Amino acid sequence: MSTEEQNGEGQKTLDSRQGDETHTDEGRESKTTATENGNEGKAVEKEGEETQEKPKHPQVTYYNEEQYKQFIGQARVTGGKYSLQDFQILRTLGTGSFGRVHLIRSRHNGRYYAMKVLKKEIVVRLKQVEHTNDERLMLSIVTHPFIIRMWGTFQDAQQIFMIMDYIEGGELFSLLRKSQRFPNPVAKFYAAEVCLALEYLHSKDIIYRDLKPENILLDKNGHIKITDFGFAKYVPDVTYTLCGTPDYIAPEVVSTKPYNKSIDWWSFGILIYEMLAGYTPFYDSNTMKTYEKILNAELRFPPFFNEDVKDLLSRLITRDLSQRLGNLQNGTEDVKNHPWFKEVVWEKLLSRNIETPYEPPIQQGQGDTSQFDKYPEEDINYGVQGEDPYADLFHDF
Ligand SMILES: Nc1ncnc2c1ncn2[C@@H]1O[C@H](COP(=O)(O)OP(=O)(O)OP(=O)(O)O)[C@@H](O)[C@H]1O
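Residues numbered from 1 in each chain as written. Predicted model: local features only at pLDDT ≥ 70, side-chain atom pairs only at ≥ 80, totals over all residues. Heavy atoms only, no water.

**Some words on the site of the ligand**
- The local shell around the ligand holds 21 residues, among which Ser97, Lys116, Asp165, Glu171 and Asp228 are the closest.
- Lysine 116 places a side-chain nitrogen or oxygen 2.7 Å from an oxygen atom of the ligand.
- Measuring from an oxygen atom of the ligand, one finds a side-chain N or O atom of aspartate 228 at 2.6 Å.
- Burial of the ligand by the protein chains amounts to 95% of its free accessible area of 610 Å².
- Within the residue set of the shell around the ligand, elements represented by two or more residues are strand S5 (87-95), strand S7 (112-119) and strand S9 (159-165).
- When its residues are assigned to classes, the shell around the ligand shows 10 nonpolar, five polar and six charged. (Near = heavy atom within 4 Å. Polar contact = N/O pair within 3.5 Å; in protein donor to acceptor, adjacent residues only side chain to side chain. Areas by Shrake-Rupley, 256 points an atom, 1.4 Å probe, with all protein chains shown as cover. Helix = DSSP H or I, 4+ residues; strand = E, 2+ residues; numbered from the N terminus. Nonpolar A, V, L, I, M, F, W, Y, C, P; charged D, E, K, R; others polar.)

Now the structure itself:
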């Protein structure tokens with residue numbers, strides 16, 4: 001069965017490293033990009049600007065119906081269980097390409113949650129319907145200590161809403177920019193937790209496709225939670241979609257070759273590099289040049305990288321898929337067994353039974369927002385009734 005990429009889905013754009021109209025954040029310089037089949041083979045950057053020619057492809061993800069049924073049978077969250085009346089909306093925690101994320105409080109149990117709101121009209125305009133439905137599906141399936149938990153979803157005539165745990169410690173991105181770069185053991189700790197999250201996702205045939213410090217939150221104890229499943233997808237076989245954030249995109253994605261879990265291991269290497277160096281290895285202010293470097297440039301290391309990490313990164317950030325760690329016969333085990341990770345006790349880490357290198361200074365308890373930047377609040381019209389031109393598109397919410 002082919003479920004993807006027949007319908008022109010797929011252009012997601014944002015300036016997560018560049019700031020946006022409402023909020024400019026130092027050091028966010030590049031963009032999340034997506035384009036899928038059926039859109040005439042163009043990669044799209046900001047608001048539908050066509051910036052890169054891409055050859056046409058039979059861009060289809062194949063898997064059999066039985067497999068897919070089993071996959072969606074794991075979903076633990078059903079749509080429409082909650083409504084806006086259940087929550088009090090507090091401040092904005094972050095903004096994305098399609099809407100914003102609010103801190104909210106349950107009127108029933110008094111707990112704080114994060115509510116991601118996406119405007120249907122924008123999701124449709126940026127051809128992200130399928131990705132948005134996938135985001136909901138993936139989050140309704142995953143349960144892991146290092147992955148955000150979604151509790152429910154609902155919709156009104158204009159918006160869709162996702163209720164998730166509120167993670168108080170803010171983005172790893174903010175901590176990294178404040179620290180400039182992390183000492184070796186700190187980078188290793190976060191990388192090891194990310195590694196376990198990737199291992200789990202891949203065991204379910206989910207590829208994440210947007211690994212970067214902006215999408216890693218820290219909980220109150222300093223453990224990670226991966227958020228933003230906007231590009232995550234069930235791919236037991238291969239896919240072709242160009243998506244991700246330029247600095248982090250793997251060469252096989254740039255060159256529109258079929259790909260699978262391999263791409264997350266490339267991004268994992270870029271993430272480790274950025275945590276240790278403070279910058280990504282193929283950075284360029286011009287996105288096309290970034291892509292060129294991803295395809296051709298030599299991987300260079302700052303002098304303070306140790307031999308173990310240089311070895312690990314050379315094996316992750318390699319264009320040769322038959323050499324890339326994580327993508328070989330032993331899968332994640334090869335990554336976990338690499339000498340750079342030799343001090344990590346993986347079982348202890350998974351049970352969060354290891355001291356974290358940094359505890360976010362959260363003084364006010366569960367609803368504390370001191371670790372988040374302030375965003376201008378705008379008038380909200382959530383709960384609108386009336387005609388919904390997109391009624392057919394978001395059934396599961
Ligand atoms: N569960 C959460 N707890 C706390 N903050 C959150 C949570 N989810 C998201 N945020 C904040 O909101 C920001 C935007 O969230 P997210 O990346 O999911 O939105 P998005 O619309 O998909 O953004 P993008 O356009 O960057 O993909 C995050 O970077 C983070 O700062």
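**Some words on the packing of aromatic side chains**
- If you walk through the whole model with that rule in mind, you get 21 aromatic pairs.
- The interplanar angle of 15° and the centroid separation of 3.9 Å between the aromatic rings of phenylalanine 71 and tyrosine 234 together place this pair among those described as stacked. Here phenylalanine 71 is found in helix H1 (residues 65-72), whereas its partner tyrosine 234 is found in strand S13 (residues 233-234), with 163 residues between them in sequence. You'll find phenylalanine 71 and tyrosine 234 in the same group, each marked buried.
- Considering the side-chain rings of phenylalanine 304 and phenylalanine 305, the 5.6 Å spacing of their centres and the 70° angle between planes classify their relative orientation as edge-to-face. (Phe/Tyr/Trp six-rings, centres within 6.5 Å; stacked < 30°, edge-to-face > 60°. Buried < 20%, exposed > 50% of the residue type's maximum accessible area, 1.4 Å probe, protein only.)

**Topic: the environment of leucine 218**
- Residue position: leucine 218 is located in strand S11 (residues 216-218).
- Each residue touching leucine 218, except ones within four places of it in the same chain, is listed here: Ile167, Glu168, Gly169, Gly170, Leu172, Leu175, Tyr190, His223, Ile224, Tyr358 and Pro360. (Contact = heavy atoms within 4.5 Å.)

**Let's talk about empty space enclosed by the protein**
- By the definition in use, this model includes five cavities of 30 Å³ or more.
- Of the pockets and cavities examined, the second largest cavity occupies roughly 70 Å³.
- Every residue along the wall of the second largest cavity is listed here: Arg209, Asp210, Leu211, Cys243, Gly244, Thr245, Tyr248, Ile249, Ala250, Val253, Ile263 and Ser267.
- Those elements that place two or more of their residues in the lining of the second largest cavity are strand S14 (242-244) and helix H7 (262-277). (1 Å grid on protein atoms, 1.4 Å probe; cavity = no way out; pocket = protein on both sides within 12 Å on 5 of 7 lines; lining within 4 Å. Points joined across faces, edges and corners; volume = space filled by probe spheres on them.)

**Some details on the UniProt feature "binding site: ATP" (unreviewed entry) in the protein chain**
- Following the UniProt record, the feature "binding site: ATP" (unreviewed entry) maps to Lys116 here.
- A relative accessible area of 13% places lysine 116 in the buried class.
- Those residues within four positions of lysine 116 in sequence are excluded, and the remaining contacts are Arg100, Val101, Glu135, Ile160, Phe161, Met162, Met164 and Asp228. (UniProt positions renumbered as here; feature names shortened; annotations may be inferred.)

**Here we look at helix H5 (residues 184-203)**
- With 20 residues, H5 should reach 28 Å at 1.5 Å per residue; the first-to-last C-alpha distance of 28 Å fits that figure.
- Of all 20 residues making up H5, 16 are buried, and the element is well covered by its neighbours.
- Residue aspartate 205 follows H5 closely and has a positive phi angle near 60°. (Expected span 1.5 Å × (residues − 1).)

**Looking at the packing of H5 against H7**
- It is at 10 Å that the axes of H5 and H7 come closest, and there the two elements cross at 165°. Regarding the angle of H5 to H7, the classification is roughly antiparallel. Remark: the crossing between H5 and H7 carries right-handed chirality. Seen from H5, the contacting residues are Asn184, Ala187, Tyr190, Ala191, Val194, Cys195, Leu198 and His202; seen from H7, they are Asp264, Trp265, Phe268, Leu271, Ile272, Met275 and Leu276. (Axes fitted to C-alpha atoms, helices over the stretch in contact; angles between N-to-C directions. Parallel < 35°, antiparallel > 145°, perpendicular 65-115°, else oblique. Left-handed = near helix turned anticlockwise from the far one by under 90°.)

**Examining the pattern of salt bridges**
- All told, the structure shown has 19 salt bridges when counted by the stated rule.
- The salt bridge partner of lysine 261 is aspartate 205, with a shortest N-O separation of 2.9 Å. Placement of lysine 261 in the loop between helix H6 (251-254) and H7 and of aspartate 205 in the loop between H5 and strand S10 (206-207) is noted, with a sequence separation of 56 residues between them.
- Residue classification places aspartate 205 among the partly exposed positions, given a relative accessible area of 21%.
- Glutamate 298 serves as the salt-bridge partner of arginine 300, at 3.7 Å between the closest nitrogen and oxygen. With respect to class, arginine 300 is no different from glutamate 298; both count as exposed. (Salt bridge = Lys/Arg side-chain N within 4 Å of Asp/Glu carboxyl O.)

**Remarks on the UniProt feature "domain: Protein kinase" (unreviewed entry) in the protein chain**
- What UniProt calls "domain: Protein kinase" (unreviewed entry) maps, in this numbering, to residues 87-341.
- Within the segment residues 87-341, helix and strand shares are 36% and 20% respectively, and the terminal C-alpha atoms sit 43 Å apart.

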